[in-house]
Amino acid sequence: MATISKLSNPTPAASLSSSFKSRYSSSLKCFVGFPAKPGFNSKLLSSSSLSSINNHPFKSSLVVRCSVVDGNGSSVKRTSLHDLYEKEGQSPWYDNLCRPVTDLLPLIESGVRGVTSNPAIFQKAISSSNAYNDQFRELVQSGKDIESAYWELVVKDIQDACKLFEPIYDQTDGGDGYVSVEVSPRLADDTNGTIEAAKYLHKVVDRPNVYIKIPATAPCIPSIKEVIANGISVNVTLIFSLARYEAVIDAYLDGLEASGLSDLSRVTSVASFFVSRVDTLIDKMLETIGTPEALDLGGKAAVAQAALAYRLYQKKFSGPRWEALVKKGAKKQRLLWASTSVKNPAYPDTLYVAPLIGPDTVSTMPDQALQAFIDHGTVSRTIDANVSEAEGIYSALEKLGIDWGKVGSQLEDEGVESFKKSFDSLLDTLQEKANTLKFVTS
């Protein structure tokens, strides 16, 4: 099986069609609405009404209808996502990617400012769609092996998405508008393999606004430093504990210092701190303990730890060491809240978005969380509103016997294994498709 560092350069991504280029460069009037359902007003909603509905049990799909208007047409309809960025300094990103990539255009107009992807997302996209068949057929018929073909499919999607977000990247001077692509999950324990894979992906995607995702496993912490030192922007993923998060920050700072670059302004990073999965695991532990004190802490662990992560972020990105890097143009490694969809239906559907709003952060949301926040999310700074309460919850969980280090390790192992499973499953699916194509053409 090919490894990504050995693959040949993928064919350049086809340019976006002229009609879509025209559509994107034109003024867009975007309407965000929701399908009719009992007890819910199906009229198109204003941004004020979107943010005023509290904890509405919204479960339908977001409907975004965009129409091109002339340069003198009316302005884009605002949503709470615009307010999230403009009023509170948090960038809303979309945690999904599939073809046609141009389906992102309405989301961009509704306020989405970046995209994250992972092996599970591509597994779903490629396995459940025929949109990849033509390119995959050409790759197989040209003699590409399955894994090489997979990476070419992925690289094309990433390149096309980067093109759509490039205006945001330019407008913010490289501060936003990123699209993330992850190295092979098979490399989670391979320091040097991860470094080479990151270099390779950075080279073949060849877009200024691509983030190479590297897992925050212990073997990959040195990889993060080395990749940053090579001037490559990184999204560090699968962070589940404060101790590992601090190691990630240190790797970023070490990498900037080791880079030798006089201008650090184009080397940026986000640290993806996972949220909902923490509650999923700790809630089970609390149920096992079963005392009233334990049960009362259900659904509180993840947000409490995230608040303490933000405090750590503020501490680490201040002081003499950081100021010396700022003089060379360094930008803070923003905290990115990941795993923001709510797994427990008893919890509010904006639980992992609304309490984590703060400046210089990113919230990447899958469809469920994005729809819920546009529908009834409230925009206000919340991340550091109750730090003392977060400390109390964190300590109370420790007193009940919850070992935060073990929780983080277990979730990291499960996350890596989950992505490996998705990756392997997709390669199996592609192999089956390739066999079918060979049978048809033989």
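Residues numbered from 1 in each chain as written. Predicted model: local features only at pLDDT ≥ 70, side-chain atom pairs only at ≥ 80, totals over all residues. Heavy atoms only, no water.

Per an unreviewed UniProt entry, the chain is named Transaldolase, and its organism is Hibiscus syriacus. Listed under Pathway (unreviewed entry) in UniProt, the entry text for the chain is "Carbohydrate degradation; pentose phosphate pathway." If you open the UniProt record of the chain and go to Function (unreviewed entry), you find "Transaldolase is important for the balance of metabolites in the pentose-phosphate pathway." (UniProt positions renumbered as here; feature names shortened; annotations may be inferred.)

Q: Where do I start with the packing of aromatic side chains in this structure?
A: For any pair of aromatic rings, geometry is given as the distance between the ring centres together with the angle between the planes. Summed over all chains, the structure comprises 14 aromatic pairs. Each member of the aromatic cluster is reached from another via a ring pair, and the members are Tyr-252, Tyr-310, Tyr-313, Phe-317 and Trp-322. (Phe/Tyr/Trp six-rings, centres within 6.5 Å; stacked < 30°, edge-to-face > 60°.)

Q: Explain the environment of Ser-418 here, please?
A: Its place among the elements puts Ser-418 in helix H17 (residues 404-441). Expressed as a C-alpha distance, the spacing of Ser-418 and Pro-185, which sit 233 residues apart in the sequence, is 9.1 Å. (Helix = DSSP H or I, 4+ residues; strand = E, 2+ residues; numbered from the N terminus.)

Q: Where do I start with the pattern of salt bridges in this structure?
A: A side chain with one charge can pair with a side chain of the opposite charge if their charged atoms come near. In the structure shown here, the tally under the stated rule is 22 salt bridges. A salt bridge links Glu-196 to Lys-199, with the nearest nitrogen and oxygen atoms 3.9 Å apart. In this pair, Glu-196 and Lys-199 are both assigned in helix H8 (residues 191-205), three residues apart and thus about one turn of the helix distant. Look at Lys-199 and you get partly exposed, because its relative accessible area is 30%. Bridged by salt links that share partners, the residues Arg-78, Asp-83 and Glu-86 form one connected network. (Salt bridge = Lys/Arg side-chain N within 4 Å of Asp/Glu carboxyl O. Buried < 20%, exposed > 50% of the residue type's maximum accessible area, 1.4 Å probe, protein only.)

Q: Looking at this structure, I do not really get helix H13 (residues 301-316). What am I missing?
A: In an α-helix, one turn spans 3.6 residues; hence positions three or four apart end up facing the same way. Here H13 contains 16 residues, and its C-alpha end-to-end distance of 23 Å stays within 8% of the 22 Å for a straight helix at 1.5 Å per residue. Of all 16 residues making up H13, 13 are buried, and the element is well covered by its neighbours. (Expected span 1.5 Å × (residues − 1).)

Q: Teacher, can you tell me more about the side chain of Ser-269 here?
A: Assignment of secondary structure puts Ser-269 in strand E7 (residues 269-274). In this structure, Ser-269 is in contact with Tyr-211, Ile-228, Val-234, Val-236, Tyr-252, Lys-332, Gln-333 and Arg-334, ignoring residues within four places of it in sequence. (Contact = heavy atoms within 4.5 Å.)

Q: Explain the packing of H8 against helix H9 (residues 221-229) to me, please; I cannot follow it from the model alone.
A: For any two helices packed against each other, the geometry comes down to the angle between their axes and how far apart the axes lie. Following both chains from N to C, one finds H8 and H9 inclined at 35°, their axes separated by 8 Å at the closest point. The interaxial crossing formed by H8 with H9 has right-handed handedness. On H9, the residues that touch Thr-191, Thr-194, Ile-195 and Ala-198 of H8 are Pro-222, Ser-223, Glu-226 and Val-227. Considering only residue class, the contact of H8 with H9 consists of four nonpolar, three polar and one charged. (Axes fitted to C-alpha atoms, helices over the stretch in contact; angles between N-to-C directions. Left-handed = near helix turned anticlockwise from the far one by under 90°. Nonpolar A, V, L, I, M, F, W, Y, C, P; charged D, E, K, R; others polar.)

Q: Help me understand the packing of helix H6 (residues 133-141) against helix H7 (residues 146-171) in this model?
A: The contact between H6 and H7 brings their axes to 10 Å, and the two run at 140°. Here H6 runs over H7; the crossing is right-handed. Side by side, H6 and H7 meet where Gln-135, Phe-136 and Leu-139 of the first sit next to Ile-146, Ala-149, Glu-152, Leu-153 and Lys-156 of the second. A per-class count over the contact of H6 with H7 returns five nonpolar, one polar and two charged.

Q: How should I be thinking about the environment of Thr-382 in this particular structure?
A: Locating Thr-382 in the fold gives a position in the loop between helix H15 (367-376) and helix H16 (387-399). Sequence separation of Thr-382 and Glu-88 is 294 residues, and the distance between their C-alpha atoms is 9.6 Å. Residues contacting Thr-382, with those up to four places away along its chain left out, are Ala-354, Pro-355, Leu-356 and Ile-357. There is a polar contact of 3.2 Å between the side chain of Thr-382 and the backbone oxygen of Pro-355. (Polar contact = N/O pair within 3.5 Å; in protein donor to acceptor, adjacent residues only side chain to side chain.)

Q: Is there a simple way to think about the nonpolar core in this case?
A: When a protein is soluble and globular, its nonpolar side chains tend to lie buried together. One finds Leu-104, Tyr-150, Ile-158 and Tyr-245 to be the most contacted residues of the largest nonpolar core, which totals 133 residues. Ranked by residue count, the leading element in this core is H7, at 14 residues. Every residue in contact with Tyr-150, bar those within four places of it in the chain, is listed here: Phe-122, Ile-126, Phe-423, Leu-426, Leu-427 and Leu-430. (Core = buried A, V, L, I, M, F, W, Y, C linked by side-chain atoms within 4.5 Å.)

Q: Got a minute to help me understand the confidence of the model for the chain in this structure?
A: Low pLDDT marks stretches whose predicted atomic positions should not be read closely. On average, residues of the chain score 86 in pLDDT, and 82% of them are at 70 or above. The low-confidence segment residues 1-74, where pLDDT is below 50, has 158 contacts with residues more than four positions distant or belonging to other chains. (pLDDT = per-residue confidence, 0-100.)

Q: Help me understand the pairing of E7 in this model?
A: Two faces belong to every sheet, and in a regular strand the side chains alternate between them. Among the six residues in E7, six count as buried, and that is most of the element. The side-chain alternation of E7 yields two buried faces, one formed by Ser-269, Ala-271 and Phe-273 and the other by Val-270, Ser-272 and Phe-274. Where strand E6 (residues 234-239) and E7 come together, four bridges link them in parallel fashion. Bridging from a neighbouring strand, Ile-239 pairs with Phe-273 of E7. The handedness of the E6 to E7 crossover, carried by helix H10 (residues 242-258), is right-handed. In the sheet, E7 pairs with strand E8 (residues 334-338) via five bridges, with the strands oriented parallel. Residue pairing for E8: Phe-273 is matched across the bridge by Trp-337. (Pairing = 2+ DSSP bridges. Right-handed = clockwise from strand over helix to strand, strands pointing away.)

Q: How should the sheet that holds strand E9 (residues 361-365) be read in this particular structure?
A: Where strands meet in a sheet, backbone hydrogen bonds hold them as pairs that are either parallel or antiparallel. With respect to topology, seven strands assemble into an open sheet ordered E3-E9-E8-E7-E6-E5-E4, the strand pairing being parallel. The open sheet has two edge strands, strand E3 (90-94) and strand E4 (179-182), and neither has a second partner. Neighbour-to-neighbour, the strand axes of this sheet turn through a mean angle of 30°, independent of strand direction.

Q: Before we go on, may I ask you to explain the pairing of strand E5 (residues 210-215) in this structure?
A: Counting buried residues in E5 gives six out of six residues, a clear majority hidden from the surface. Here E5 shows a buried face lined by Val-210, Ile-212 and Ile-214 and a second buried face lined by Tyr-211, Lys-213 and Pro-215. For E4 and E5, the ladder comprises four bridges, and the chain directions are parallel. When the sheet's bridge partners are listed, Val-179 is paired in E5 with Val-210. Chirality of the crossover, the property in question, places the unit of E5, H9 and E6 among those that are right-handed.

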